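Notes for the structure review
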Protein chains: 2
Amino acid sequence: MSTPDSGAPTLVSDLGERGVIERIRRRLPQPPPHLLVGVGDDAAVVEPERGAVELLTTDALVEGIHFDRRFSSSADVGYKALAVNASDIAAMGGTPRLALLSLMLPEGFPLRDLDGLLDGLLAMAASSGIALAGGNITRSPGPLIADVTLTGWCRRRKVLTRNGGRPGDALYVTGTIGAAAAGLGWLRVHAGTNTRPPAGAWPPPDFTPEDDALTECVRRHQRPEARLRVGALLGRTRAARACMDLSDGLADAVAQVAEASGTGARIDADTLPVHEGARRWFDSRREDPIGAAVAGGDDYELLFAVSPRMRGRLKSVIREARVPVTCIGALTAEVGVALVRNGRPEPLPRGFVHF
Amino acid sequence: MSTPDSGAPTLVSDLGERGVIERIRRRLPQPPPHLLVGVGDDAAVVEPERGAVELLTTDALVEGIHFDRRFSSSADVGYKALAVNASDIAAMGGTPRLALLSLMLPEGFPLRDLDGLLDGLLAMAASSGIALAGGNITRSPGPLIADVTLTGWCRRRKVLTRNGGRPGDALYVTGTIGAAAAGLGWLRVHAGTNTRPPAGAWPPPDFTPEDDALTECVRRHQRPEARLRVGALLGRTRAARACMDLSDGLADAVAQVAEASGTGARIDADTLPVHEGARRWFDSRREDPIGAAVAGGDDYELLFAVSPRMRGRLKSVIREARVPVTCIGALTAEVGVALVRNGRPEPLPRGFVHF
């Protein structure tokens with residue numbers, strides 16, 4: 001055991017950059033055959049997937065903007081930093097492959113938290129067949145930042161862009177919406193004055209939300225699941241013709257798919273799969289559950305457009321992926337995006353705003 | 001012209017995330033044929049280079065750690081953010097291809113500075129055949145951060161790793177060393193109390209260093225040149241068998257190439273190509289110019305090892321690349337890295353320390 005008295009390193013700065021890279025390298029599993037040179041040289045060297053196109057995406061988690069260390073353990077941050085990128089690859093109909101981790105660490109960052117962050121990131125990587133190929137580590141003058149770049153692959157004609165939708169296509173969403181926003185809301189109200197939970201020990205006894213559905217919401221905020229399997233299947237089978245993930249909320253995704261496809265969209269409020277815990281949470285706060293759920297970000301479900309003649313194919317995909325999928329509306333010839341509630345259209349609330 | 005009074009946007013937050021992405025997209029030149037889907041979808045879609053392996057690298061510029069906005073214009077930051085990554089691709093013997101830009105912008109960031117940053121980044125991209133394929137934009141609770149991921153390609157058997165050196169190989173370095181450290185030193189002494197120069201207007205009249213050599217040093221700190229041509233040639237011709245860039249200084253690079261290759265190294269102080277302005281600057285500060293130049297980071301020259309029988313081939317590379325190259329020592333069978341000065345070996349000073 002290392003303690004401050006024993007002289008063993010307790011801070012990242014005790015190891016230095018090369019020591020940290022070595023510590024990370026020792027934790028990596030056997031690299032896949034396509035990773036020819038991994039962590040430790042000027043660049044990673046990669047054998048491309050034969051006969052496929054490559055997908056490239058990057059997304060950062062910034063302390064104070066995307067997470068609060070009182071609400072998320074280091075392992076949660078590492079897990080989520082990779083998961084939000086995997087969600088982008090899934091939304092393109094692709095399969096994730098290699099990650100680069102760019103870490104910016106505040107002064108006095110504990111080694112224990114670096115290890116925790118890697119625990120989360122490597123657990124997510126292992127569960128989805130992703131190898132850590134390289135990255136960068138530097139100091140930060142303030143926030144902890146985990147910025148991940150993820151590569152993936154897809155057959156050339158199976159890529160799912162945002163712009164392939166046509167009027168009359170049905171709009172579907174995977175899983176449920178609103179859970180992450182509700183979980184974050186709960187944490188802000190109940191956990192705001194508590195000290196930070198220790199890494200990996202969630203939920204601590206005094207932190208537990210009232211019931212299982214709300215615990216699920218908190219967990220969704222901390223560790224979203226990327227819909228990798230259904231995303232790859234929607235691309236491979238061509239059951240969907242446009243797709244996007246809900247990183248910034250359903251309302252934002254609907255608006256973007258419609259705009260990119262040159263269509264409008266109509267969403268039926270009654271059909272929306274609002275998470276049970278989210279519904280209860282927003283009710284208790286006297287907020288409109290539908291409005292809060294469509295505007296809330298961080299759900300990382302997939303929104304996709306399906307042409308009427310592809311419904312049979314979609315059924316097979318749903319059976320194979322074993323993910324609940326709900327039809328929530330359709331793309332329309334008239335431009336504009338409407339939420340239809342009690343028969344009356346209203347404008348869709350905006351999604352998560354980055355600025 | 002936009003002024004705060006006219007109602008035209010002056011801050012990034014006036015545009016919103018989608019507005020910013022659209023503003024960036026409008027500035028991009030025609031995409032290369034291998035970029036099938038660029039900025040604006042969940043991920044970029046890329047056709048791999050046929051018969052080549054892919055290189056992947058990432059490097060971040062963090063305000064307060066890697067740059068100071070009093071010393072570097074926004075355009076310098078954008079330029080350098082891409083150049084430091086290109087240097088890593090060059091050090092692998094590769095050719096850069098596609099960049100992802102992950103931007104973290106402080107509250108109240110002016111649109112003028114965003115435009116400046118893109119000016120610098122896109123100028124560097126255009127001059128080296130790199131296309132901007134995507135990225136991410138988010139708020140930062142403090143520092144401005146430009147985190148770039150760069151891909152490149154290389155023939156499979158032409159990759160230049162750090163670990164290919166053998167005892168008896170001569171060590172070479174391109175260009176000169178110490179200039180960036182001297183330039184930063186000059187800025188810290190002379191510009192520390194001045195206000196920030198306007199973007200793109202370097203050098204302002206009251207900022208000019210004493211002579212051309214020092215101006216070059218300041219410029220090297222602000223806008224390092226990646227040694228792309230010579231790096232690709234060293235790989236393609238196999239004139240070198242190990243290579244690394246000097247991002248963290250010559251001393252660090254020599255130690256890392258030697259360690260990775262399982263050798264020691266001996267550097268002859270008399271041969272070191274210390275930049276003339278750096279020599280003068282460190283002399284004037286009563287610092288040892290050799291020690292300061294080998295420890296100073298940010299030069300982005302290349303260090304490489306050449307087997308004795310490859311000297312002829314190296315000569316052709318130097319002729320073709322038109323870059324000055326200096327033999328500064330050799331890899332040795334005895335482990336340990338020594339700087340030989342006046343016939344006496346001394347330990348090499350450490351390079352730039354990230355923690």
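Our structure is the block above this text.
Residues numbered from 1 in each chain as written. Chains lettered and ligands numbered in written order. Predicted model: local features only at pLDDT ≥ 70, side-chain atom pairs only at ≥ 80, totals over all residues. Heavy atoms only, no water.

Considerations on the overall build of chain A
Looking only at helices and strands, chain A has 10 helices and 13 strands in total. Here the C-alpha radius of gyration of chain A, 21 Å, is about what a compact globule of 355 residues would show, namely 20 Å. Once the C-alpha set of chain A is aligned to its principal axes, its extents read approximately 70 × 50 × 35 Å. Split into buried and exposed, the 355 residues of chain A put 61% on the buried side. Residue pairs at least 24 apart in sequence account for 86% of intrachain contacts in chain A once pairs closer than 6 positions are excluded. As displayed, chain A has an accessible area near 14,100 Å², and 49% of this comes from carbon and sulfur atoms. (Helix = DSSP H or I, 4+ residues; strand = E, 2+ residues; numbered from the N terminus. Rg over C-alpha atoms; globule rule 2.2 N^0.38 Å. Buried < 20%, exposed > 50% of the residue type's maximum accessible area, 1.4 Å probe, protein only. Contact = heavy atoms within 4.5 Å. Areas by Shrake-Rupley, 256 points an atom, 1.4 Å probe, with all protein chains shown as cover.)

Considerations on helix H1 (residues 12–27) of chain A
Residues and elements named next belong to chain A. Taking 1.5 Å of rise per residue, the 16 residues of H1 would be expected to cover 22 Å, yet its terminal C-alpha atoms sit only 16 Å apart, more than 12% below that figure. Of all the bends in H1, the greatest, near 80°, is centred on Arg18. The set of residues buried in H1 consists of Val12, Gly16, Glu17, Val20 and Ile24. Residues of H1 that are buried make contact with strand E4 (95–106), helix H3 (111–127) and strand E5 (131–140). (Expected span 1.5 Å × (residues − 1). Bend = angle between axes of the 7 residues up to and from the residue.)

Digging into the packing of aromatic side chains
All names here are of chain A. Summed over the entire model, instances satisfying the criterion amount to two aromatic pairs over all chains. Seen in terms of ring centroids, Tyr172 and Phe304 are 5.6 Å apart; in terms of plane orientation they differ by 10°. Their pairing is stacked. You can see Tyr172 sitting in strand E7 (residues 170–174) and its partner Phe304 sitting in strand E10 (residues 302–306), a full 132 residues away along the chain. There is no split in this pair, since Tyr172 and Phe304 are both buried. (Phe/Tyr/Trp six-rings, centres within 6.5 Å; stacked < 30°, edge-to-face > 60°.)

A short note on the pairing of strand E9 (residues 264–268) of chain B
All names here are of chain B. Both E9 and strand E11 (residues 325–332) contribute to a ladder of four bridges, which runs antiparallel. Along E11, the bridge assignment pairs Gly264 with Thr332. As paired elements, E9 and strand E12 (residues 337–341) share four bridges and run parallel to each other. In the strand pairing of E12, Arg266 is matched with Ala338. (Pairing = 2+ DSSP bridges.)

Considerations on the environment of Pro106 of chain A
All names here are of chain A. By the secondary structure assignment, Pro106 is in strand E4. Spatially, the C-alpha atoms of Pro106 and Pro273 are 40 Å apart, while their sequence positions differ by 167 residues. Leaving out residues up to four positions away in the same chain, Pro106 has contacts with Arg69, Ser140, Gly142, Pro143 and Leu144.

Considering the interface of chain A and chain B
Counting residues at the interface gives 65 residues for chain A, matched by 65 residues for chain B. With both sides pooled, the region where chain A packs onto chain B buries about 5,500 Å², and carbon together with sulfur makes up 59% of that total. The tally of links between chain A and chain B comes to eight salt bridges. A salt bridge links Arg162 of chain B to Asp41 of chain A; the nearest nitrogen and oxygen atoms lie 3.5 Å apart. The tally of links between chain A and chain B comes to 23 residue pairs in polar contact (both at pLDDT 80 or more). Among the elements that take part in the side of chain A that touches chain B, strand E3 (residues 52–62) of chain A stands out by supplying 10 residues, more than any other. Two elements, strand E2 (residues 44–46) of chain A and strand E3 (residues 52–62) of chain B, share three bridges in a ladder whose sense is antiparallel. Note on E3 of chain B: the bridge partner recorded for Val46 of chain A is Glu54 of chain B. (Buried area = accessible area lost by both parts, 1.4 Å probe. Salt bridge = Lys/Arg side-chain N within 4 Å of Asp/Glu carboxyl O. Polar contact = N/O pair within 3.5 Å; in protein donor to acceptor, adjacent residues only side chain to side chain.)

Structural notes on the relation of the copies chain A and chain B
The transform that puts chain A on chain B rotates by 180° and translates by 0.0 Å along the axis, for an RMSD of 0.0 Å. What we have between these two chains is a two-fold relation. In this assembly, 100% of the residues forming the interface of chain A have copies in chain B that are likewise at the interface, indicating an isologous arrangement. (Least-squares fit on C-alpha atoms with pLDDT ≥ 70 in both.)

Examining the sheet that holds strand E1 (residues 35–37) of chain B
Taking strand neighbours across the sheet as the criterion, the six strands line up as E5(A)-E4(A)-E6(A)-E3(A)-E2(B)-E1(B) in an open arrangement whose pairing is mixed. Since the sheet does not close on itself, it has two edges, and those belong to E5 of chain A together with E1 of chain B, each with one partner. Neighbouring strand axes in the sheet, compared pairwise and without regard to direction, differ in orientation by 25° on average. Here E4 of chain A runs beside strand E6 (residues 145–155) of chain A; their pairing, made up of nine bridges, is antiparallel. Residue pairing in the sheet places Leu101 of chain A in a bridge with Val148 of chain A of E6 of chain A. Sheet strands touched by H3 of chain A: E4, E5 and E6 of chain A. Its angle to E4 of chain A, the strand with the most contacts, is close to 165°. (Axes fitted to C-alpha atoms, helices over the stretch in contact; angles between N-to-C directions.)

Some details on the pattern of salt bridges
Taken as a whole and judged by the stated rule, the model has 46 salt bridges over all chains. One salt bridge in this structure joins Arg229 of chain B and Glu320 of chain B, with 3.8 Å as the shortest N-O distance. One end of the pair, Arg229 of chain B, is in helix H6 (residues 228–236); the other, Glu320 of chain B, is in helix H10 (residues 311–321), and 91 residues separate them in sequence. Through salt bridges with shared partners, a single ionic network connects Arg220, Arg227, Asp299 and Glu301 of chain A.

Describing unusual backbone geometry
Residues and elements named next belong to chain A. If you check the backbone angles, Arg238 has positive phi at about 60° while not being a glycine. Here Arg238 lies in the loop between helix H6 (228–236) and strand E8 (242–245). Residue classification places Arg238 among the partly exposed residues on the basis of a relative accessible area of 41%.

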